[in-house]
Amino acid sequence: MASPTIESVLNESRLFSPPASFTDTAAINSLDAYKALAEKAAADPAKFWAELAEQELHWFKPWDTALDWQPPFAKWFVGGKINISYNCLDRHLTTWRRNKAALIWEGEPGDSRTLTYAQLHREVCQVANVLKSLGVKKGDRVGIYMPMIPEAAIAMLACARIGAPHTVIFGGFSAEALKDRLNDAEAKLVITADGGFRKDKTIALKAAVDDALADNGVPSVENVLVVQRTKAAVTMHEGRDHWWHELQAHADAHCPAEEMDAEDMLFILYTSGTTGKPKGVVHTTGGYNLYTHTTFKWTFDIKDTDVYWCTADVGWITGHSYIVYGPLSNGATTVMYEGVPRPSNPGCFWDVIEKYGVTIFYTAPTAIRAFIKMGDELPKARDLSSLRLLGTVGEPINPEAWMWYHTVIGKEKCPIVDTWWQTETGGFMVTPIPGAVPTKPGSATLPFPGIIADVVDLDGHPVAPGEGGYLVIKHPWPSMMRTVYGNDERYRRTYWEHIPPQDGQYLYFAGDGARKDEDGYFWVMGRVDDVISVSGHRLGTMEIESALVSHPAVAEAAVVGRKDDIKGEDIYAFVTLEGQYSPSDALKQELKDHVVKEIGIIARPGEIKFADALPKTRSGKIIRRFLRSLASGEAIAGDASTMEDQSVLDQLREG
Ligand code: PRX
């Protein structure tokens, strides 16, 4: 495991207090108010969350025990009965929000749609009935492989309504990756679309599902439900494939929400780790509902007049928690956009903000860095005056990008919430409360109330202010992952055994390096494991290596991240070839395409370097830190004397 390093950017000392124009109307509007909440929560976290659960959510039946903690396994609101689709929809229908916009959708080719809470409820009920008619029962897993269209959110809510855990697979994953995930989850049904629009092209989603299911590739799948989006020609398999619109047209719009145990599984979401096989992160119903609800409400200081837009894809946790569940549970208006900025339409994000009067905008540092490169003229040519709050997520934001966001987009009047969290945490862990906590460019600031976070060394001892260490969480929280699907042991090993318990207190190991400054502010420095972040997409280097070595030409592969101005990191692969193959540009292309086929477009290596051998220790372990230095063109740092064959490095340098 690499040690976290403190970069020079962390000497940042600028401090931005919440502007008066913001605090005037903010629900939590002073540092003292934040501290009072955080102290109350820390004194008895389970009591704190239980009070909020009672106040904020609808329960069919109250719980008996707020927290049952058998480290590292937590259960929240044990005995309680709840349904997140009910909390996101039904309970708003008896209020004035019935006809409020729940979902505003902007399609890539310029079409658009708005669904009120009543309309969204109706469609969710219909699709829930369609799922039932196709034999989906409570507990059955449903795969969702969709473009960014309202039907993706409807599908998720319909699954939640009948208690069928969903597993959303990002549309940029390949048929192979889809197959692996559907098999791991043993999905009974897949919801997809004929295709999706992406960067002036279309992607063939249904064809990828066909490939994944070919030759009984996923034996558990009985039916496929297909949304018509691009009108591309698709093959419908008799008896297996069904058009969404045809079945929906005949479906009853009445479907009571299933009364779920608080600890019933809500969804599985696959994410990359240090091994070749992605892990299925399991989230359950009650704790996840409460935590995404509360973090959305306080971190975005949400008001009924807000138009909130998160630019993530529903295939990632950000889309789950902060496009669908968090916003709808609060009765907010959530914007969903099918497009992404591209050369033919570089100002599209600013157009969406202007068109809908977006007040809260939540995006990723990689997007912000790309916008900086495109120039200030694009945002300046649009009316962005509706904005009152900005957010960022996915990777550390460099102070320069933060300052650009603050001045050019926020016009120095919008606080920025830099939210640190993970697929595993379900919701925000370290983030400013915008009306209360002064911000520093590049810092995620302070833990959310009820979260006990710290930076420690490998023995679990807190490090001194300013020193690098490992980010840990010291008390269970409602939306923590419950396990790795079907693999409790992997869950225990990955998150709870890197650092020993302190005085009986278990420490959740996030896999991120961080430091805490004199004010207790957190500065997240990035992953300390073999996980890299490419344009905010989390990828395991082992996963890409496995894909490469599955090609007949490849003998051995080692993948590292190389710093990239826009993407944060890019994929750099070192490859040794089997004897009968020789290096060529054509083979490089073929290997890149092969990785796309095995994992998906997001994993396409930026660079492949052929090598005669890889640098290894005498015990045969690849020395990745040397490869990282080589990839970034830096001098090899550290002692090379442990290497088995020192000439390998010279070759790599020259090659
Ligand atoms: O390294 C951290 C980084 O993204 C990782 C989690 O990735 P994923 O599960 O895909 O979820 C991304 C969206 C929540 C973390 O371990 N990360 C996320 N947010 C931040 C961040 N790094 C620094 N600052 C952030 N705000």
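Per-chain numbering applies: the sequence of each chain, read as written, is numbered from 1 onward. With pLDDT at 70 or above as the cut-off, local features in this predicted model cover only qualifying residues; side-chain atom pairs require 80 or more to be listed or tallied, and sums for whole chains, interfaces and linings still use all residues. The side-chain numbers reported here are obtained from all heavy atoms of the structure, hydrogens and water having been left aside.

Visitor: Got a minute to help me understand the pairing of strand 17 (residues 333-337) in this structure?
Guide: Regular strands place side chains that alternate from one sheet face to the opposite one. Each residue gets one of three labels from its accessible area relative to the maximum for its type: buried under 20%, exposed over 50%, partly exposed in between, using a 1.4 Å probe on protein chains only. Segments assigned H or I by DSSP are reported as helices when at least four residues long, segments assigned E as strands when at least two residues long, and all are numbered from the N terminus. Of all five residues that make up strand 17, five are buried, and the element is covered over most of its length. Being paired, for any two strands, means DSSP has found at least two bridges between them. As judged from the three bridges shared by strand 16 (residues 307-310) and strand 17, these two strands associate in the parallel manner. Pairing of Trp309 across the sheet is with Val335, part of strand 17. By the criterion used throughout, a crossover qualifies as right-handed when its path from the first strand across the helix to the second strand runs clockwise, the strands pointing away from the viewer. For the segment spanning strand 16, helix 11 (residues 317-329) and strand 17, crossover handedness is right-handed.

Visitor: I would appreciate a short explanation of the packing of helix 10 (residues 285-299) against helix 11 in the present structure.
Guide: When two helices pack together, you describe them by how their axes are tilted relative to each other and by the distance separating the axes. Angles shown run from 0 to 180 degrees and are taken between the N-to-C directions of axes, each axis being a line fitted to C-alpha atoms and, for helices, limited to the stretch in contact. At a minimum axis distance of 8 Å, the contact between helix 10 and helix 11 shows a crossing angle of 85°. One finds that helix 10 runs roughly perpendicular with respect to helix 11. Of the residues in helix 11, those in contact with Tyr288, Asn289, Thr292, His293, Thr295 and Phe296 of helix 10 are His320, Ser321, Tyr322, Tyr325, Gly326, Pro327 and Ser329. Think of it as three bins: nonpolar holds Ala, Val, Leu, Ile, Met, Phe, Trp, Tyr, Cys and Pro, charged holds Asp, Glu, Lys and Arg, and polar takes everything else, Gly as well. Of the residues in the contact of helix 10 with helix 11, the class split is five nonpolar, eight polar and no charged. By definition in this entry, angles of less than 35 degrees are roughly parallel, angles greater than 145 are roughly antiparallel, angles of 65 to 115 are roughly perpendicular, and the rest are oblique. Note on definitions: a residue-residue contact is assigned when non-hydrogen atoms from the two residues lie within 4.5 Å.

Visitor: Is there a simple way to explain the nonpolar core in this structure?
Guide: Side chains of a nonpolar character, in soluble globular proteins, are inclined to be buried together. One finds Phe77, Ile191, Tyr325 and Leu548 to be the most contacted residues of the largest nonpolar core, which totals 169 residues. The biggest single contributor to this core is helix 6 (residues 150-162), with 10 residues. With residues near it in sequence (within four places) discarded, Tyr325 still touches Ile84, Cys88, Met156, Leu157, Ala160, His166, Leu266, Tyr288, Thr292 and His320. Here, the term nonpolar core denotes a set of buried Ala, Val, Leu, Ile, Met, Phe, Trp, Tyr and Cys residues that are joined through side-chain atoms within 4.5 Å.

Visitor: Is there a simple way to think about the packing of aromatic side chains in this case?
Guide: To describe a pair of aromatic rings, you give the distance between the ring centres and the angle between the ring planes. Aromatic pairs are defined between Phe, Tyr and Trp rings, using the six-membered ring for Trp, whenever the two ring centres lie within 6.5 Å; interplanar angles under 30 degrees are classed as stacked, those over 60 as edge-to-face, and all others as tilted. Counting across every chain of the model gives 43 aromatic pairs. For the pair Phe170 and Phe173, a centre-to-centre distance of 6.1 Å together with 85° between the ring planes defines the contact as edge-to-face. Residue Phe170 is classed as buried on the basis of its relative accessible area, which comes to 3%. Phe173 gets classed as buried once you look at its relative accessible area, which sits at 8%. With a centroid separation of 4.6 Å and an interplanar angle of 35°, the aromatic rings of Phe170 and Trp316 are classed as tilted.

Visitor: Help me understand the site of the ligand, please; the structure alone is not making it clear to me.
Guide: By convention in this text, a residue qualifies as near a molecule or strand provided that one of its non-hydrogen atoms is within 4 Å of it. Not every one of the 16 residues close to the ligand is listed here, only the nearest: Asp418, Thr419, Thr423, Asp512 and Arg538. As used in this structure description, the phrase polar contact means that two N or O atoms lie within 3.5 Å; if the pair is within protein, one of them must be able to donate a hydrogen and the other to accept it, and residues adjacent in sequence are counted only when both atoms belong to side chains. Between the ligand and Pro396 there is a distance of 3.4 Å, counted from a nitrogen atom to a backbone nitrogen or oxygen. Note that an oxygen atom of the ligand is positioned 2.8 Å from one of the side-chain N or O atoms of Arg527. Contact with the protein chains covers 93% of the free accessible surface of the ligand, which is 540 Å². Looking at the shell around the ligand, the elements with two or more residues in it are helix 11, strand 20 (416-419) and strand 24 (522-527). Partitioned by chemical class, the residues of the shell around the ligand number six nonpolar, five polar and five charged. Method for areas: the Shrake-Rupley scheme with a 1.4 Å probe, in which residue coverage is limited to the protein chains shown.

Visitor: Hey, could you run me through the sheet that holds strand 4 (residues 101-106) in this one?
Guide: Sheets are built from strands that pair by backbone hydrogen bonding, the pairs being arranged parallel or antiparallel. Read across the open sheet, the seven strands follow the order 5-4-17-16-18-19-20; overall the sheet is mixed. Strand pairing shows two members of the sheet lacking a second neighbour, strand 5 (112-116) and strand 20, which therefore form its edges. Geometrically, the sheet is characterised by an average inter-axis angle of 15° between neighbouring strands, direction not taken into account. Inspection of the sheet shows strand 4 paired to strand 17 by four bridges, in the parallel sense. When the bridges of strand 17 are listed, Glu106 appears paired with Tyr337.

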